[in-house]
Amino acid sequence: MRAKSLRTWLEYLQKTDRLAVIDKEVSLQFEVAALTKKLDGIKATYFTKVEDYDISVVSGICSTREQFAEALETDQYELLSQFSAAVSSPAECRLVKKEEAPVKENIILDDIDLNSFPIPVHHEKDSGKYITAGLFIVRDPLTRKQNVSIHRLQVSGKDRLGVLLLPRHTYHLFKQAEEAGRPLECAIAIGVDPVTLLASQASTPFGVDELEIASALLKEPLEVVRCETVDIDVPAYAEIVLEGKILPEIREPEGPFGEFPKYYGPRDDKEAVQITGITHRNHPIFYTIVPAGYEHLLLGGIPREASLIQTVRQTVPSIKAVHMSLGGTCRYHAIISIKKRNEGEGKNAIIAALANSFDIKHVVVVDEEVDIFNMEEVEWAIATRFQAETDLVVINGTQGSKLDPSTDNGFGSKMGFDCTVPIKSEPMRYKRIHIPGYEELNIHDFINKNSSGLLDQHMENKR
Ligand code: MN
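Residues numbered from 1 in each chain as written. Predicted model: local features only at pLDDT ≥ 70, side-chain atom pairs only at ≥ 80, totals over all residues. Heavy atoms only, no water.

## Section: the domain arrangement of the chain
As far as domains go, the chain holds domain 1 (6-283) and domain 2 (295-418). Across the boundary between the two partners, domain 1 contributes 23 residues, which contact 21 residues of domain 2. For the pairing of domain 1 and domain 2, the buried interface totals around 2000 Å² over both sides, and the portion due to carbon and sulfur atoms is 72%. Summed over the three residues of domain 1 that lose the most area to domain 2, namely R65, L80 and F260, the buried surface amounts to 37% of that side. The interface formed by domain 1 and domain 2 contains one salt bridge. Put simply, E305 and R65 hold a salt bridge, and the shortest N to O gap is 2.7 Å. Connecting domain 1 to domain 2 are four residue pairs in polar contact (both at pLDDT 80 or more). If you tally residues by element for the side of domain 1 that touches domain 2, the top one is helix α4 (residues 79-88), at four residues. (Domains from an automatic or database assignment. Contact = heavy atoms within 4.5 Å. Buried area = accessible area lost by both parts, 1.4 Å probe. Salt bridge = Lys/Arg side-chain N within 4 Å of Asp/Glu carboxyl O. Polar contact = N/O pair within 3.5 Å; in protein donor to acceptor, adjacent residues only side chain to side chain. Helix = DSSP H or I, 4+ residues; strand = E, 2+ residues; numbered from the N terminus.)

## Observations regarding the layout of surface pockets
Its boundaries defined by the atoms lining it, the largest pocket holds a volume of some 1400 Å³. Every residue lining the largest pocket is counted, 44 residues in all, and those nearest its centre are L166, R168, F260, R304 and D359. Put simply, the parts of the chain that give the lining of the largest pocket at least two residues each are β8 (146-150), α5 (169-179), β17 (268-280) and α8 (294-315). Looking at which element gives the most residues to the lining of the largest pocket, the answer is α8, with five residues. Of the residues assigned to the lining of the largest pocket, the class counts are 15 nonpolar, 19 polar and 10 charged. Inspection of the lining of the largest pocket shows a minimum of three residues originating in each of domain 1 (6-283) and domain 2 (295-418). Put simply, the second largest pocket is a space of about 660 Å³. In terms of lining, the second largest pocket is formed by 30 residues, of which the most central are Q76, Y77, A321, V322 and F373. Put simply, the parts of the chain that give the lining of the second largest pocket at least two residues each are α3 (65-71), α4, α8 and β19 (319-323). No other element matches α8, which puts six residues into the lining of the second largest pocket. (1 Å grid on protein atoms, 1.4 Å probe; cavity = no way out; pocket = protein on both sides within 12 Å on 5 of 7 lines; lining within 4 Å. Points joined across faces, edges and corners; volume = space filled by probe spheres on them. Nonpolar A, V, L, I, M, F, W, Y, C, P; charged D, E, K, R; others polar.)

## Overview of the packing of α8 against helix α9 (residues 345-356)
Where α8 meets α9, the axes come as close as 9 Å, and the angle between the chain directions of the two elements is 135°. Looking at the two axes, α8 sits oblique to α9. Remark: the crossing between α8 and α9 carries right-handed chirality. Contacts from R304, S307, L308, T311, V312 and T315 of α8 reach α9 at N348, A349, A352, A353 and N356. For the contact of α8 with α9, a count of residues per class yields five nonpolar, five polar and one charged. (Axes fitted to C-alpha atoms, helices over the stretch in contact; angles between N-to-C directions. Parallel < 35°, antiparallel > 145°, perpendicular 65-115°, else oblique. Left-handed = near helix turned anticlockwise from the far one by under 90°.)

## Some points on α9
Over its 12 residues, α9 runs 16 Å from end to end, which matches the ideal 16 Å to within 8%, given 1.5 Å per residue. Burial in α9 covers these residues: E345, G346, A349, I350, A352, A353, L354 and N356. On its buried face, α9 sits against α8, β20 (333-338), β21 (362-367), β22 (392-399) and β23 (411-418). (Expected span 1.5 Å × (residues − 1). Buried < 20%, exposed > 50% of the residue type's maximum accessible area, 1.4 Å probe, protein only.)

## Digging into empty space enclosed by the protein
Gaps left between atoms are located by rolling a probe of water-molecule size over the structure's atoms. With the rule as written, the count across this model stands at three cavities of 30 Å³ or more. Of the pockets and cavities examined, the largest cavity occupies roughly 130 Å³. What lines the largest cavity is a set of 13 residues, among which K4, D193, L222, E223 and Y237 lie closest to the centre. Computed from the structure, the second largest cavity encloses a volume of approximately 60 Å³. Taken together, Y332, F358, D359, K361, G400, S401, D404, T407, G410, G412, S413 and K414 make up the lining of the second largest cavity. Per-class residue counts for the lining of the second largest cavity are two nonpolar, six polar and four charged.

Below is the structure:
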């Protein structure tokens, strides 16, 4: 499989000319982020000379929807159904011996210093260096099931991280530990394959191990290995693993930090992680995600789309596709196409979509022939198939994303556009213009390769 590890994936990107190797010396302060952003959606960036580190940095390893599909060895139309299938039937990981795990090639238990790794500063007002692409793994002591998520991690000291825990699964396990007066052990895996990375973002009920979703997606057990200082299993092919514990009763300043909506999350007192050990491969590669880049947005968006399509399907079985667009930060805007069979289903789809996630703020529903991945088509549907008086749904006083600065700490409004055509409308009224033969025609069969010269000749004859 091309996505067995970060390294096999990078080799695949290089073979297909989608890896930009940057040998010129670059700074961790903004330069890694700026160069990666320049190539966003085009090529991954691989920096071989970052300040005086002898560790390479990579970013943008999956910055298009197609690339995630390639990592899963499918196409972008099958991507969501494959992802949903894996979420609903996770498969066990395989615990390997230490000797079989490349991440154990180097084990550091004394003199831990996070500054020995090239950790970038991404945006102007960020409080400092941030680890943005670490899979944060914790274990439920009752069920022994692990939970995986990605949290922003501020480097607060040479063996200390500040962490933002949103009120989801990791937070719940930490609060349980804290109430019992205990720390919560954790491990942070940096530099894994893109499939495991995507699996970590699955919307699952509490108690599902996201690494087992990775196994299902990879169609073979993900190889994991037990940590040195904590009772946690991590991907055996990870480049770097930080081991540690979230400390009870301790909160330290964290932030500001440039987040996915392209605004800064504020500075506040947050949980702290004490690092107890580090293991890494020989010549480790440090992987960073530039916040709000396509990679970051799509990593959040694709699993959300998979969850959204299932929710809406319960209400509107004829749903065709969903798209959480980049402009809507892959979280706030949902575009949905349905094959409308009964009047009112457009609005039912809006209500179902808003119920799927508190993050969803604006929903556009269109008929199945509108290409929802083409935003010009979506705008056309809003322009010509929507009347505010009858087709607009507004719900005030709801909870949304706290990172949306137009809300009052998340409190705000939701809106839906029903752009589906009324079922009983007169057939010619919404008939889209069409040129017969257009789809089948290959323009290259008609253009003369030396057309500019011929045009001159033609014009000459006309004079
Ligand atoms: Mn979870």
